[in-house]
Amino acid sequence: MLSEGDMVDDMLPSFMSRVKVMREVLLPMPEDTLKEALYHAGSYLIPLDSETELCRNHSNLMFESYLKYDLWALRMVDASSKLPSGVLDGHMMDIGSYDQCLTAEAPEKLFSGQMCIVETKGFIPDVINKLNPEKPFLKTFRVDLLFSVCVPSSCTAQDVKSHIDIALNSVNASSFVSESNCSSNVSSPLKMKEWIAIFLIGLIVVLVILSTVYENSCLESEKNNLLCAFSLETNVRQMLSTQTTPAALTCLNGLRVIAMIWVILGHRMLQMISFPSIRPKTIIERIDDPILALIENAQLSVEIFFLMSGILVAYGYLRYMKKGHKFNVFYFYMYRYLRLTPALAMMVLLYATIGVRFSNGPMWRKFYDMVNSCCYYNWWVTLLYINNYYDPYNMCVTQSWFLASDFQLYVFSPVLLIPLHKKPKLGFLLIVLFVIITTSGSLWNAITKDLKGGGAFTFDRRSEDTFAKEYIVTHWRATSFLVGMALGYVFFKVKQGELVLKLSRAKVWAGWLLSIFFIVFSVFFIIVLQNPEYVPKRWVDIPYMVFHRHLFIAGFAWIILACILGHGGYLNQFLSWNILIPFTRLTYGAFLTHVLIQSIETYSQRVPGTLIAMNYWFHIVADFTLSYLAGAVLFLTVEAPCGNIAACCFEGKMKSKEVPENQATEMPVISQRL
């Protein structure tokens, strides 16, 4: 009985004959002209002018076989990029046929195919070259001619570059080809750091199994909480719990999930536009479309997180002190660090070690090399929560800048928490003072550094510097957290019955109208700045850049206040829906994992992407589902177990009875997550 491979081999002669007939009809030309064209094409795509002798020898063999129409050589040349359709609409980045290249083999397995991505500089006009900032914050491929060549696996990246540069010199262009640009089907052996990562992951799995078995084999009265820390039974029950208390700020549950979806929206679009597209002109045509404003301004989603973080810090602290406990600043910091860091450390470990083996593709190694190098050098910066200040252009786990900024504000918070508890008027005065300072500083920073306005992605990437010099810098953007702390105090007093806020119908309607206006204006004014013909104006860019966050937070502050005071109606019912509580608990894990999940999908693609709405929304649904599933795995294996251990270690020092009752909803100050 013939195997599938034998059947394919038997079919190839007839298939090649048919291809020859089709070529004669579709591409009629004299045989000599065709051979000359094939000769020139092969001499460009095959690295005959390589530096190493082995590569030159194998390339010459490939070239001779190609001219003789040997199938294996034809497959390799055919797998390389050709002039694609849609060039006039910007399709200048083609990535060839990855799998066809890697499965091609020379006779006697002398060598196999290796796909190398070639990035160029100087091919496109200077007016478009501005899309390539000298120091990009968002790691993407150069916007220029990009193509792939299928070369012998014995060739190095320098071999390919040396050959391609000879051809590009005639048009005053040059190429970029690093070792990470090249992929073959020869897998590299596991490195020591990867074995360590596998061992640690295996150890966690063993602990989960042993802990689960222990909990199920002991009587309830004999169970040791520390030994049950990794138990799936304990942690699944904690993850799925929907219990709440009257003191809980339940409307924050829905806001946290909505903000996370918004984060996913923005990052998915960034992933799509950073990958080669069949028609990149689409984003240029629609970049100022009002429909895209919500996606382009997805960076505002973190303001909701900062606002909620400030609320929960103040609210949890005041409730904790109300019980008569003594505040210990060391345990305040240490408990927080131990609750956040293990899950983040696991993501750093994956990025720095075995993450590269999660996928493959023509662009995967190049992309992952950029990510991996950041984690290799800056892993310690990430775990110290200072990566938004130290080398911000090379952050490990890029979205962790928020965790750093939030942790820094948390460290600063006792400066305001203690006055709010002992002398509320002084506390509020300090909050107002710091809001003025951070706002004035942000204005000064934007003016002196001539920062440009715009969304998360702009046509000319003019807002690139704004991310590193203003957006992720804690002391210039602390307003949302400070406003949250003030609200936390108000909510505490309201819940305690010490403050009664009665609002007339007219005031409630006025609050909702202003809230809607502030949110709509802060989100949709971005379309003015996104217009490709817009010329940056300091008197427009800077005020919007600084104050649109203030307006946005004012709008959401009212929403939370209205819900707490009973004026939220159906909106409050939805935001406080108990079914959202497990999603709330998994948001931290989803936040840590969603970018890796998006990157795996994006950079595993074998063909350029398509920038169409239907494709985008299908990806969003998949991103949300997979991110929360990955968040659940991270929660059950790392986050919850380490939280349980921390709770056992700090029991009697700073843990109070209110901790377990709030874990389901409000994330108290000593266990607050994203």
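Residues numbered from 1 in each chain as written. Predicted model: local features only at pLDDT ≥ 70, side-chain atom pairs only at ≥ 80, totals over all residues. Heavy atoms only, no water.

(A) Molecular detail of the confidence of the model for the chain. In this model, the chain carries an average pLDDT of 86, and 88% of its residues clear a pLDDT of 70 or more. Ranking the elements of the chain by mean pLDDT puts helix 27 (residues 658–663) last, at 38, and helix 16 (residues 401–412) first, at 96. (pLDDT = per-residue confidence, 0-100. Helix = DSSP H or I, 4+ residues; strand = E, 2+ residues; numbered from the N terminus.)

(B) Just the pairing of strand 1 (residues 113–121), in detail. With eight of its nine residues buried, strand 1 lies for the most part within the structure. Sheet topology places strand 1 next to strand 2 (residues 146–152); seven bridges connect them, and they run antiparallel. For Met115, the partnering residue across the bridge sits in strand 2 and is Cys150. Relative to strand 4 (residues 182–184), strand 1 is paired through three bridges, and the arrangement is antiparallel. Counted as the bridge partner of Met115 is Ser183 from strand 4. In terms of strand pairing, strand 1 meets strand 3 (residues 174–176) through three bridges, oriented antiparallel. (Buried < 20%, exposed > 50% of the residue type's maximum accessible area, 1.4 Å probe, protein only. Pairing = 2+ DSSP bridges.)

(C) Inspection of the pattern of salt bridges at higher detail. Tallying each qualifying case throughout the model produces 18 salt bridges. Residue Glu498 is joined to Lys322 by a salt bridge in which the shortest nitrogen-to-oxygen separation is 3.4 Å. One end of the pair, Glu498, is in the loop between helix 20 (479–496) and helix 21 (505–524); the other, Lys322, is in helix 13 (residues 301–322), and 176 residues separate them in sequence. For Glu498, a relative accessible area of 42% translates into the label partly exposed. Across the pair Asp450 and Lys452 runs a salt bridge whose closest N-O atoms are separated by 3.0 Å. In this structure Lys452 comes out as partly exposed when scored by relative accessible area, which is 24%. Because the salt bridges share partners, they merge into one network encompassing Glu215, Lys223, Glu233 and Arg237. (Salt bridge = Lys/Arg side-chain N within 4 Å of Asp/Glu carboxyl O.)

(D) Focus on the nonpolar core. Leu252, Tyr351, Phe491, Phe552 and Ile560 are the most contacted members of the largest nonpolar core, which has 135 residues in total. The biggest single contributor to this core is helix 13, with 15 residues. In this structure Phe491 touches Leu249, Ile311, Tyr315, Ile560, Leu561 and Ile564, once residues within four positions along its chain are discounted. Listed in part, the 34 residues of the second largest apolar core include Tyr66, Met76, Tyr98 and Val151. (Core = buried A, V, L, I, M, F, W, Y, C linked by side-chain atoms within 4.5 Å. Contact = heavy atoms within 4.5 Å.)

(E) Region of the structure containing the packing of aromatic side chains. Counting across every chain of the model gives 39 aromatic pairs. Between Phe467 and Tyr471, the ring centres sit 5.3 Å apart and the planes meet at 70°, which makes this aromatic pair edge-to-face. Placement of both Phe467 and Tyr471 in helix 19 (residues 464–471) is noted, with a separation of four residues, approximately one turn of the helix. Grouping residues by exposure puts Phe467 and Tyr471 together as buried. Here the aromatic cluster, defined as three or more aromatic residues joined through ring pairs, consists of Tyr317, Phe327, Phe332, Tyr333, Tyr337, Tyr385, Phe407 and Tyr410. Residue placement shows Arg336 over the ring face of Tyr410; its charged tip is 4.7 Å from the ring centre. Directly above the aromatic system of Tyr471 lies the positively charged group of Arg477, at a separation of 4.9 Å from the ring centroid. (Phe/Tyr/Trp six-rings, centres within 6.5 Å; stacked < 30°, edge-to-face > 60°. Lys NZ or Arg CZ within 6 Å of the ring centre and 35° of its normal.)

(F) Representation of a nonpolar patch on the surface. Among the surface-exposed residues, Leu190, Met192, Trp195, Ile196, Ile198, Phe199, Leu200, Leu203 and Leu207 lie close enough to one another that they form a single nonpolar patch of about 830 Å² accessible area. With respect to the helices and strands, Leu203 occurs in helix 8 (residues 192–217). Of the residues examined, Leu203 reaches a relative accessible area of 38% and is grouped as partly exposed. (Patch = residues over 30% accessible without salt bridge, like charges linked within 9 Å, V, L, I, M, F, W, Y side chains within 5 Å. Areas by Shrake-Rupley, 256 points an atom, 1.4 Å probe, with all protein chains shown as cover.)

(G) The arrangement of the environment of Leu349 in detail. Mapped onto the secondary structure, Leu349 falls in helix 14 (residues 329–352). Taking the C-alpha atoms as reference, Leu349 lies 9.1 Å from Glu194; in sequence the two are 155 residues apart. Contacts of Leu349, omitting those with residues within four sequence positions, involve Ala197, Leu200 and Ile354.

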